[in-house]
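Each chain, written out:
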Protein chains: 2
Amino acid sequence: MIREHVGLEGGRAYDIVIGEGLLEQVGGMLGELGVSEASRHLVITDANVQAAGYLEKVIASMAAAGYVAEVYVIPPGESSKSLPLAGEALAFAYQCGLDRRSAVLALGGGVVGDFAGFVAATYMRGVAFVQLPTSLLAHDSAVGGKVAVNLPQAKNIIGAFHQPLCVVYDTTALQTLSLREMRSGVSEAIKHGAIRDRDLFFWIEQHQEGLLANDSSLMSELLARSCRIKAQVVAEDETEQGVRAILNFGHTLGHAVEVLAGTYTHGEAVAIGMVAAADLSVRLGLCAAEEAVLVERAMVACGLPTLIPNELDEAELIESMRKDKKAAGGTLTFVLLREIGRVEIVEDVPESAVRDVIRARREG
Amino acid sequence: MIREHVGLEGGRAYDIVIGEGLLEQVGGMLGELGVSEASRHLVITDANVQAAGYLEKVIASMAAAGYVAEVYVIPPGESSKSLPLAGEALAFAYQCGLDRRSAVLALGGGVVGDFAGFVAATYMRGVAFVQLPTSLLAHDSAVGGKVAVNLPQAKNIIGAFHQPLCVVYDTTALQTLSLREMRSGVSEAIKHGAIRDRDLFFWIEQHQEGLLANDSSLMSELLARSCRIKAQVVAEDETEQGVRAILNFGHTLGHAVEVLAGTYTHGEAVAIGMVAAADLSVRLGLCAAEEAVLVERAMVACGLPTLIPNELDEAELIESMRKDKKAAGGTLTFVLLREIGRVEIVEDVPESAVRDVIRARREG
C-alpha cells in the first residue's frame, strides 16, 4: 500500500491510498477517518461498475464496519454529468435521510467522481466526499477537488472546489479496463510528466508496454508519481488562481475536440491537445522544435491520437476555446511548453497562430 | 453611509455598505473592488424589483463605469429557488460569454440573493458575487455567504458557502416594501438581538413603530447593528461547524411551518419558531419563564404571528424538523434560549417535549 499526502490548509489535508484489494477495506478506512456511524451514507456509482462487482465489495465492507449505505446508480458516460440528474441524486439523498454528517462515496471513473463530488459539494452546502476511482484516467480527476457537471453546450461549467476526505485507489479495479481506457489514463500521466517531471515523462514512454498491459508494480509506481505531481500543484494553488492552471496543458484544444467530436475519450482528446499545444509553443518561440517532436513521439508510442479530426470546423474549435473556463474576456489562453517538464500559462494567444496549428495538425 | 466589515480569512473579508442612493453608485464600487471591465457581468433580479425601477439604476451606474451587464430576471417568490431554474440561469451566463473574472450581482430580496449566489458559487466553480438587497429581510440572508436553491420537499438543501465581494444596501429601496415585508425583516433583527445582543432586542421593541414606518435613521441603525451581529457570528464559524448554528434560532420549527403551511413569510415563520423555541427552553429548564414571555411580547409588539397554525399536522412538523439540515441522524436539534441575548445549540431534544410545545402553542 502506498500513501501520498495532499497538503491543504484549514485541516483539509488528505491521503491518496494506492494498493490491491482496498475496496474490501473501505469500511475500516471510513472509521479511521471519523465518519459517523449514526448517519446514513450514499455510494454513487454507474451501471458498469456495479456490474463489475465493485459496488458489492464496498457495501459489504461498509456494512461490516457498521455503516448504512444507500446506493445511487447513474448510467455510464459523460451524459450523466448533467444538472437535472444531479438534482435527482440530491433529492434521493434527502429522501434517504442523509444529513450533514453523511458522506458521499464516488465509486467509478472520472464521470462518477465529478458527478458525485458535485452532489457532495452542494448537498446541504457540502458533506464529506470519498473518492474510490476504478479507472486509470480517474487518477487525475480524483485528486484536487474539482467537481462538476456539464451544460449541454460545454463541459464542467457548473461545479465547485470540494476536496475529498480521502482517495482510495484499488488497483485491482484496473484489471477490467480496456486498452483504450488504459491509454486514456496514461495520457493524463504523460501530461503530469510534461508539466513538472521530465523523468516521469520519459519513464512512461519507456515503460508504456508494461503499463498498458497493467503490470501491477509499474502501475502502482505510475499512480503514485502522477498523483504526487497533481497533489503538489493543487496544494500550491487550490482554487486555480494561478499555477494550478498548468494542469490544463493540452486541455484548451483538448476540451474543444472532446465536446465537438464526441467520439474521443478525455485522454485521447487531451493527447491531441498536448501535441497541438507543443506545436503552438514552438511557433511562438517558447520551445525548441525537438521537444514538440518528443511530445508527439510519446503519444504515438502509447497508441494515442495526435491529429485533429478533419470534420471539426476551425471556427467552431476557436469559438469553443474562447469560451474555455481558463479564458477571460473571450481571449485564447493556453498552457504552453518551455521544455518537457516545464510549462507556462499564456493568455491572449494570437488567434492566427492557433489557426495555423489547427491547419497544420489535421489528419490530412 | 455606514460601513460594516466582515472579517474572514484568506483574503475574503468584505464590507457591508449601508446608505441612501447607493444603487446609483454600484458601478464605481465595482471599480474600487477591482472587478474587471474586460469581462461581462450578470445582474440577477426578479420581475417586481425590475418593475420598481431599481434594475435600471444599477445598469445605468454600471454602464457609466464601463461595465457590460447582462440581465436575468426570475419570477418573484420562493418557487424560483429551484435547481432547474438555476440551470437555466447558468446556461444563460455561459451563452452571454461570462468567464471566471465575471461577477454575478444579486439585486433583490432573499430569494434573489440565494438564487444568484448559488449561480455565482457554481458557475465555472465560483465567480465573484455582489449582494444588492432590496428588502429588509435580506439584511440577514445577504450577509454570511449561505446560498442555496430548494428541493420541492425542503428549503435550501442544495447550496454552498460562497461569500460576497461586497453587500451594498440602498435603504431607499426599503421605501416600497409593504408593512408585512417590513415586519418579516424585523423578525430576523429581533433574532439577532435574542441570540447575541439583549440591548438590540429591547431597542427594536421600543422603536418598532418608527422602524415599521421606515424611519430612515432608525432603519440604518437597525441594519448596521443587526448585520454586525450576523457578521461577527459568521466570522467566528464561516461554514457552520459550531457556533454559527445559533443563527438558526427559531428556524427549526420556523422552517417546518414555512414549508408545510406555505402562507407565511420567512420572518413570520421564524417568529413563530422563536416563540416556540423559547417555550421549549423553559420546559427543558434552560431559561426563566419571564424571558419567554418577553420574546412573545416583542413579536406581538411588532405585529408578528406567535402561534402554530391548527391545520399543520403534528407528525408532519416533527418529520420535517427531523430532516432539518442542522439535525444529524434524524435527531431533533434546536437553538435554545438561556436568556435574551444568549442561546445554546441542543442536539437530541426529546420529541415528547417538542410535541408538548406544538400542542401548547396552537392557534387554539
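About the thresholds
- Residue numbers restart at each chain and count upward from 1, following the sequence in its written direction.
- Chains carry letters from A onward and ligands carry numbers from 1 onward, assigned in written order.
- The predicted nature of this model means local features are confined to residues of pLDDT at least 70 and side-chain atom pairs, given and counted, to a pLDDT of 80 or more, with totals for whole chains, interfaces and linings taken over all residues.
- Excluding hydrogens and water, the side-chain figures rest on all heavy atoms present in the structure.
- Residue ranges labeled as domains rest on an automatic or database domain assignment.
- Note on contacts: a residue pair is in contact if any heavy atoms of the two residues lie within 4.5 Å.
- Once two parts are joined, some of their accessible surface, as seen by a 1.4 Å probe, is lost; buried area is that loss totalled over both.
- Any Lys or Arg side-chain nitrogen located within 4 Å of an Asp or Glu carboxyl oxygen qualifies as a salt bridge.
- Any pair of N or O atoms that falls within 3.5 Å is considered a polar contact. Within protein, one atom must be able to donate a hydrogen and the other to accept it, and sequence-neighbouring residues count only if both atoms are side-chain atoms.
- Starting at the N terminus, helices and strands are each numbered in turn, a helix being any DSSP run of H or I of at least four residues and a strand any DSSP run of E of at least two.
- UniProt positions are given in the numbering used here, feature names are shortened, and annotations may be inferred rather than shown by experiment.
- Least-squares superposition of the copies uses the C-alpha atoms of those residues scoring a pLDDT of at least 70 in each of them.

A. Quick peek at the domain arrangement of chain A. Residue and element names in this part refer to chain A. For chain A, the assigned domains read domain 1 (2-176) and domain 2 (179-360). One C-alpha centre belongs to domain 1, the other to domain 2; they are set 26 Å apart. Across the boundary between the two partners, domain 1 contributes 27 residues, which contact 33 residues of domain 2. Here domain 1 meets domain 2 over a buried area of about 2,600 Å², counting both sides, of which 62% is carbon and sulfur. It is L136, L137 and H139 in domain 1 that bury the most area against domain 2; as a group they hold 24% of the surface buried on that side. Seen at the junction of domain 1 and domain 2, the total is six salt bridges. Put simply, E258 and K155 hold a salt bridge, and the shortest N to O gap is 2.8 Å. Put simply, domain 1 and domain 2 have twelve residue pairs in polar contact (both at pLDDT 80 or more) between them. Those elements that place two or more of their residues in the side of domain 1 that touches domain 2 are β1 (2-6), β2 (14-19), α6 (138-141) and β8 (154-161). The element best represented in the side of domain 1 that touches domain 2 is β8, accounting for four residues.

B. Spotlight on the UniProt feature "binding site: Zn(2+)" (unreviewed entry) in chain A. Residues and elements named next belong to chain A. UniProt's entry tags E188, H251 and H266 with the feature "binding site: Zn(2+)" (unreviewed entry), counted in the numbering of this structure. With the annotated positions falling across 79 residues, the maximum pairwise C-alpha distance of 10.3 Å places them together in a single cluster. Considering the arrangement of structural elements, one finds E188 in helix α7 (residues 179-196). E188 has contacts with L137, H139, D140, S226, H251, H266 and V270, leaving out every residue within four places of it along the chain. Within the secondary structure, H251 sits in helix α11 (residues 251-261). Within the structure, H251 has its side chain in polar contact with the backbone oxygen of F249 (distance 3.0 Å).

C. Local environment of the relation of the copies chain B and chain A. Of the transformation superimposing chain B on chain A, the axial component is 0.0 Å and the angular component is 180°, with the fit at an RMSD of 0.0 Å. Here the two chains are linked by the operation of a two-fold rotation axis. Relative to the rotation axis, the C-alpha of P84 of chain B is the closest in chain B, positioned 3.4 Å from it. An overlap of 100% is found between the interface residues of chain B and their copies at the interface of chain A, pointing to a shared contact surface.

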